[in-house]
Structure formats: structure tokens, C-alpha cells
Amino acid sequence: MPEVPELNIVGITLQKKFKGQKFKRIEILWKKRVKASEEEFNEALQGSTLKSVDRNGKELHLHFDNGNVLGIHMMLTGKMILLPTDLSLRNPIFELTFDNGSGIIVLDGMGQAKPILNPEVPPIPDIMGDDFTEEYLAKVLSKTSIKVKDAIQRQDWIRGIGNAYADEILWHCKISPFSASKNIPQDKVKDLYNSIRTVTRDATEELAKLKTNDDVFVMENNDHRFVHNPKRKTSPEGEPIQSAKMGNTKAYYTESQVQY
DNA sequence: TAGAATGTTACAGG
DNA sequence: CCCTGTAACATTCT
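Since the structure is predicted, the reported quantities are computational estimates derived from the model, not experimental observations.

Reading the values: the criteria
- Positions within a chain are numbered from 1, following the residues in the order the chain's sequence is written.
- The lettering of chains begins at A and the numbering of ligands begins at 1, in the order of writing.
- Local features in this predicted model are restricted to residues of pLDDT 70 or higher, and side-chain atom pairs are both shown and tallied only at a pLDDT of 80 or more, whereas totals for entire chains, interfaces and linings draw on every residue.
- No hydrogens and no water enter the side-chain calculation; it runs on all heavy atoms of the structure.
- Secondary structure elements are taken from DSSP: a helix is a run of H or I of four residues or more, a strand is a run of E of two residues or more, and numbering for both begins at the N terminus.
- It is over C-alpha atoms that the radius of gyration is taken, and the globule rule equals 2.2 Å times the number of residues to the power 0.38.
- Burial classification: accessible surface area is computed with a 1.4 Å probe over protein chains only, and a residue below 20% of its type maximum counts as buried, one above 50% as exposed, and the rest as partly exposed.
- Here, two residues are considered to be in contact whenever any of their heavy atoms come within 4.5 Å of each other.
- Charge counting follows a simple rule: Lys and Arg are positive, Asp and Glu are negative, and His as well as the terminal groups are ignored.
- Charge positions are represented by NZ for Lys, CZ for Arg, CG for Asp and CD for Glu.
- Whether a residue is near a molecule or strand depends on its heavy atoms: it is near if one of them lies within 4 Å of it.
- We call two N or O atoms a polar contact when they sit within 3.5 Å, provided that within protein one can donate a hydrogen and the other can accept it, with sequence-adjacent residues counted only if both atoms are side-chain atoms.
- Each residue gets one label: Ala, Val, Leu, Ile, Met, Phe, Trp, Tyr, Cys and Pro are nonpolar, Asp, Glu, Lys and Arg are charged, and the others, such as Gly, are polar.
- For Phe, Tyr and Trp, rings pair up if their centres lie within 6.5 Å, where Trp contributes its six-membered ring, and each pair is then called stacked (planes under 30 degrees apart), edge-to-face (over 60) or tilted (otherwise).
- In this scheme, Lys NZ or Arg CZ marks a charge over a ring once it lies within 6 Å of the ring centre and within 35 degrees of the ring normal.
- Here, nonpolar core means buried Ala, Val, Leu, Ile, Met, Phe, Trp, Tyr and Cys residues that are tied together by side-chain atoms lying within 4.5 Å of each other.
- In this description, strands pair whenever DSSP reports at least two bridges between them.

*Asks:* Got a minute to help me understand the overall build of chain A in this structure?
*Replies:* Looking only at helices and strands, chain A has six helices and 10 strands in total. By the compact-globule yardstick of 18 Å for 260 residues, chain A fits well, its C-alpha radius of gyration being 19 Å. Dimensions along the principal axes, computed over C-alpha positions, put chain A at roughly 55 × 35 × 30 Å. The proportion of buried residues among the 260 residues of chain A is 50%. The contacts of chain A with a sequence gap of at least 6 include a subset with a gap of at least 24, amounting to 63%. Positive and negative side-chain charges of chain A, numbering 36 and 36 respectively, have mean locations separated by a distance of 3 Å.

*Asks:* Explain the protein's contact with DNA strand C here, please?
*Replies:* Neighbouring residues of DNA strand C: Lys32, Arg33, Arg90, Asn91, Gly109, Met110, Gln112, Thr144, Ser145, Ile146 and Asn248. Taking all atoms of DNA strand C within 4 Å of the protein, the share assigned to sugar and phosphate is 77%. Interatomic distance of 2.9 Å between a side-chain N/O atom of Arg90 and a phosphate oxygen of DNA strand C. The contact in question runs from a phosphate oxygen of DNA strand C to an N or O atom on the side chain of Thr144, over 3.0 Å. In terms of residue class, the surface near DNA strand C is made up of two nonpolar, six polar and three charged.

*Asks:* Would you mind going over the packing of aromatic side chains with me for this structure?
*Replies:* The relation between two aromatic rings is expressed through the spacing of the ring centres and the mutual angle of the planes. Inspection of the entire model under this criterion finds five aromatic pairs. An angle of 20° between the planes, with centres 4.9 Å apart, marks the rings of Phe18 and Phe98 as stacked. With Phe18 in helix α1 (residues 4-18) and Phe98 in strand β6 (residues 92-98), this residue pair connects regions lying 80 residues apart in the sequence. Exposure remark for Phe98: the relative accessible area of 1% places this residue in the buried category. Ring geometry for Trp171 versus Phe226: centroids 5.3 Å apart, planes at 40°, classification tilted. Residue Trp171 is located in helix α5 (residues 163-172), and its partner Phe226 is located in the loop between α6 (186-209) and β9 (242-246); the two are separated by 55 residues in the primary sequence. Sitting over the ring of Trp157, Arg154 keeps its end group 4.0 Å from the ring centre.

*Asks:* Could you clarify how one ought to interpret the nonpolar core in this entry?
*Replies:* Counting 29 residues, the largest nonpolar core has Leu14, Leu62, Ile72, Met80 and Ile104 as its most contacted members. By size, the runner-up hydrophobic cluster in this structure holds 28 residues, among which are Ile124, Tyr136, Ile175 and Val199.

*Asks:* What am I meant to see in unusual backbone geometry here?
*Replies:* Outside of glycine, negative phi angles account for most residues, and trans bonds account for most peptide bonds. At the junction of Leu83 and Pro84, the peptide bond is cis and its omega measures out at -5° in the coordinates. Positive phi values are uncommon outside glycine, yet Asn91 reaches one of about 55°. As for its placement among the helices and strands, Asn91 is situated in the loop between β5 (79-83) and β6.

*Asks:* Looking at this structure, how should I read the pairing of strand β10 (residues 249-253)?
*Replies:* Side-chain positions along a regular strand alternate between the two faces of the sheet. Relative to β10, β9 runs antiparallel, the two sharing five bridges. Counted as the bridge partner of Ala244 is Ala251 from β10.

*Asks:* I'm lost on the environment of Arg232 in this one. Help?
*Replies:* Assignment of secondary structure puts Arg232 in the loop between α6 and β9. Note on Arg232: relative accessible area 30%, which makes it partly exposed. Linking Arg232 and Ser142, residues 90 residues apart in sequence, is a C-alpha distance of 33 Å. Not counting chain neighbours up to four residues away, the residues in contact with Arg232 comprise Arg225, Phe226 and Ile241. One polar contact links the side chain of Arg232 to the main-chain carbonyl oxygen of Arg225, over a distance of 3.3 Å.

By themselves, these are just geometric observations and shouldn't be taken as functional.
Okay, structure coming up:
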């Protein structure tokens, strides 16, 4: 469910709450998508202390002081709740607890969210990383004729853009989501690059301001989004927001976005 | 109430 | 083998 801005905040919150805590155990409650066994997780993390939490693409990485990493991918509809809790816990995927009794539980009705033991970090630029440059983006777009909205969401080319922020970014730089990637002129590739950086940074800042229920991590918040937001009928400039099915998802955009 | 949902993967066809 | 488009996944929410 979450994209990069949300994951940034969740990662900061996890680190704040659990840094320095000693791992107790992980329980795998729905193993459909989980590759390593419960025993493998527990053996690897046994006796270690949480050192730091960061985000890598659409995963959160919990770094433990014995060198092992617990990755978490929330997929499309995952939820994360602090333990202990009185909330109803339907469709649990896994539970992570620390020696002091604190911890988290990850839920997902679709059974797709998952913990990953020592996740691979592919050599593909993350949208907030130094290696994601305008030149790199230009190279990616020049080699494909698929629609630009699909291209920027390809995690094997650029890591970190999902459906909602793809719409926000393309609206921000006034490029139609239906544009053929290789047809986008150089100056608009520059605008797109700047919008990827700006929209991601601004959304992270907006989310950081939210006052939230302390027990439930915010994985989804429409309010700060300008076009990918079913509650809005018009953009801030007053333009009607259009929507269209694109593949198996929906694109939100306005007429002033130019199709190349 | 049927369809959509901040995602990924397998597979078919060109 | 590379590129592209489509559907499945299984449940909740609107």
C-alpha cells in the first residue's frame, strides 16, 4: 500500500521506537509469499539488536547489529500496527517482537505483504538516491515506447515510483501519462526528473506533519495529493480531473498535460 | 454491489 | 532472447 513518502515516515517511526531493542522473535502467520522459514528468520536474528531502519525502493530494511537485515514489503494492501494492541487483527502475515514486549504486526487481506530475510539490493537507482540522475532517466526513457506512466513505475529500471505518485509527478510536470516514453523531448525529461524529486520530497514533508493514531502506521493518505485523489474533482488550478483505465490500474490526469 | 485498490509476477504473443 | 500487454493473486472498502 505505501509508496516512498509513506515508507520514509514509517521507517523513521520504526527506528525511533525500536532502535536499540533486542530481537525476541518473529512469527510467520501466513506464509504464502514468504520465502525463508520461520526458523531461518529466528536463527539469523537471535540475540541481535536493532541498529537502524531505512527504506530501499519499496521495502523497509531493519538492520540488526549482527549484520542481518529484516526486509518488509507491504505490497498493495499491507497494514502495520504497533504491539500490543486492542485492534482487531484480521489476516495477519507476521509478527515481530522485541525483548521488552514491544513490536509490530503486519496484516494484509490479500496475503501478499511479506518479511524478507537479508533482501537483495539490486544495482538500480532509487528515486531519492544520488545515482538517480537526469541522464539516467533520459537513458531509461529513450529505450522504450511504452507509456511513460508505466515506464517510471518499472522497478527494474527505477525503484520507488508507484501508481499514486506516478500520477502526481506527471501532473506536476504537465506530461500526459499516455506519452510514449521515447518521444518526450529533452527539456521535458528534465522537468520530469525534477518533479520526481520534488513531489517525493514534498509529500514526505507533508506526511511528517500529520497527527496520527500512534498505534497504526499511515500507509495511505489521500489528502495531500492533487490529482490521484478520488475526493477531488478539479486540480488546484480548477481544471477537471480526468481518469482512465491504464492496464489494470487507473490514471488520474488533466487536459493540460501534453501527450508526446 | 460490482469494481477498484499507493504491487508484483508469470505467461502469451510478436 | 527481447519487448510488450494482460491477467491473476484474495480480501476489504466504497
